[in-house]
Amino acid sequence: MISQPAPGAAGPGTPGPARTPGAPRDRLWAWLRRPQGVFAVVIAIAVIATIIVVAASGGPGGSGGNTSGVSVSAGSVNRVDLQAVPGQLTIVSAATGRVTLNGKLSWNGHAQPSSTTRMVSPHTLRLVYRCAAGSPCTAHWRLVVPRHTAVALSQPSGHIIVSGLGGALQITATGVDVSATGLRSPSLVATITSGHLTAGFAAAPRKVDVTLTSAQATLRLPGNVSYAVSDQVVSGYVHVGVPQAAAAPRGVTARVVSGELELLPA
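Residues numbered from 1 in each chain as written. Predicted model: local features only at pLDDT ≥ 70, side-chain atom pairs only at ≥ 80, totals over all residues. Heavy atoms only, no water.

1. Describing the overall build of the protein chain
Part 1: Tallying secondary structure elements over the protein chain gives two helices and 17 strands in all.
Part 2: Taking all 266 residues of the protein chain together, 35% fall into the buried category.
Part 3: The long-range fraction of contacts in the protein chain, counting pairs at least 24 apart against all pairs at least 6 apart in sequence, stands at 51%.
Part 4: Accessible surface, the protein chain: about 14,500 Å² in total, of which carbon and sulfur atoms supply 57%. (Helix = DSSP H or I, 4+ residues; strand = E, 2+ residues; numbered from the N terminus. Buried < 20%, exposed > 50% of the residue type's maximum accessible area, 1.4 Å probe, protein only. Contact = heavy atoms within 4.5 Å. Areas by Shrake-Rupley, 256 points an atom, 1.4 Å probe, with all protein chains shown as cover.)

2. A short note on the pairing of strand β10 (residues 169-174)
Part 1: Judged by which residues are buried, β10 turns out to be one-sided: L169, I171 and A173 face inward and are buried, whereas Q170, T172 and T174, on the alternate face, are not.
Part 2: Judged from the five bridges that link them, strand β8 (residues 150-155) and β10 form a sheet pairing that is parallel. The partner of A152 across the bridge, within β10, is Q170.
Part 3: Bridge analysis of β10 against strand β12 (residues 187-193) gives six bridges, and the strand direction is parallel. By the bridge assignment, I171 is partnered in β12 with A190. (Pairing = 2+ DSSP bridges.)

3. Remarks on the environment of L263
Part 1: Within the secondary structure layout, L263 lies in strand β17 (residues 251-265).
Part 2: For L263, a relative accessible area of 0% corresponds to the buried category.
Part 3: Counting along the chain gives 44 residues from L263 to L219, while the straight-line C-alpha distance between them is 5.0 Å.
Part 4: What L263 contacts, discounting residues up to four positions off in sequence, is L219, V229, H239, V240, G241, V242 and V252.

4. Comments concerning the nonpolar core
Part 1: Counting 54 residues, the largest nonpolar core has L82, Y129, W141, L143, I192 and L219 as its most contacted members.
Part 2: Ranked by residue count, the leading element in this core is strand β14 (residues 207-221), at seven residues.
Part 3: Beyond its immediate stretch of four places on either side in the chain, L219 contacts L188, L197, A199, V208, V210, L261, E262, L263 and L264. (Core = buried A, V, L, I, M, F, W, Y, C linked by side-chain atoms within 4.5 Å.)

5. Topic: the environment of T116
Part 1: Looking at the secondary structure, you find T116 in strand β5 (residues 114-121).
Part 2: For T116, a relative accessible area of 35% gives the class partly exposed.
Part 3: For the pair formed by T116 and R126, sequence separation is 10 residues and the distance between their alpha carbons is 7.7 Å.
Part 4: Those residues within four positions of T116 in sequence are excluded, and the remaining contacts are R126, L127 and V128.

6. Focus: the side chain of S135
Part 1: Tracing the sequence through the fold places S135 in the loop between β6 (124-130) and β7 (137-146).
Part 2: Of the residues examined, S135 reaches a relative accessible area of 2% and is grouped as buried.
Part 3: Apart from residues lying up to four places away in sequence, S135 is in contact with W107, N108, G109, H110 and A111.

7. So, unusual backbone geometry
Part 1: We note that S76 has phi near 55 degrees; this positive angle belongs to a residue other than glycine.
Part 2: Here S76 lies in the loop between β1 (66-75) and β2 (79-83).
Part 3: On the accessibility criterion, S76 (53% relative accessible area) is exposed.
Part 4: In the Ramachandran plot, S214 falls in the positive-phi region, its phi being about 50 degrees despite a non-glycine side chain.
Part 5: Looking at S214, the relative accessible area reads 43%, which means it is partly exposed.

8. Quick notes on the pattern of salt bridges
Part 1: Tallied over the entire structure, the rule returns three salt bridges.
Part 2: Between R79 and D81 there is a salt bridge, and its shortest N-O distance comes to 2.8 Å.
Part 3: Between D81 and R126 there is a salt bridge, with its nearest N and O atoms 3.6 Å apart. Here D81 is found in strand β2, whereas its partner R126 is found in strand β6, with 45 residues between them in sequence.
Part 4: Each of R79, D81 and R126 takes part in a single network of salt bridges with overlapping partners. (Salt bridge = Lys/Arg side-chain N within 4 Å of Asp/Glu carboxyl O.)

Note that every value here comes from positions in space, so none of it alone points to a role or purpose.
Below, the structure written as structure tokens:
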């Protein structure tokens, strides 16, 4: 049995119907041969490739979140004011003439955190970081300062590790665990809310001022000198285990709204 071509179909060896000049396929190939056609195709391919890369890397709004590097370096600084975001911050002193801040900043959401870096006086460096609305962020940073540089820090939550500072230290923190060792700071001013502070001094400070709200703190001070201790307690207690003298030139002021403070010999 021999198969017959369907009505209107071209059989073997039979030329198909002639294509009308100017048909869509002809016009497409003619356009592609032009320079502007080739350029448009290249642009289209580049756009598609960019979309694929963003999707694969978990771009803004993706489930993988976003991460960027933070790197700051400045010289001739004797004070650093740092307004940080939640996360972990390590602060160390070193035999250096520059202040450096390095690490990672991560966020989830469409908007990235904002940052401001500027000198607010000839020798004061101010670093301000804020999470964007609806885009929670966290940081993992290391701040290195010259040995006698003062540091004023504000952090909303996380963990702060301080080592060997010789300049004045000021900490305002909420929901933060603060651990400081080897301090030679002439003064410590700490306001802790819903957190914990442990600070050990390698040299006796001239001034310590601590305010606790729903927080606990343990300060270890050199016991070879006396301190004038003044405390105001609403709820909680202050335990003094270091030598005291009302006329001592070194003073400790404690305000406990709710919480516990221990002053122990180093």
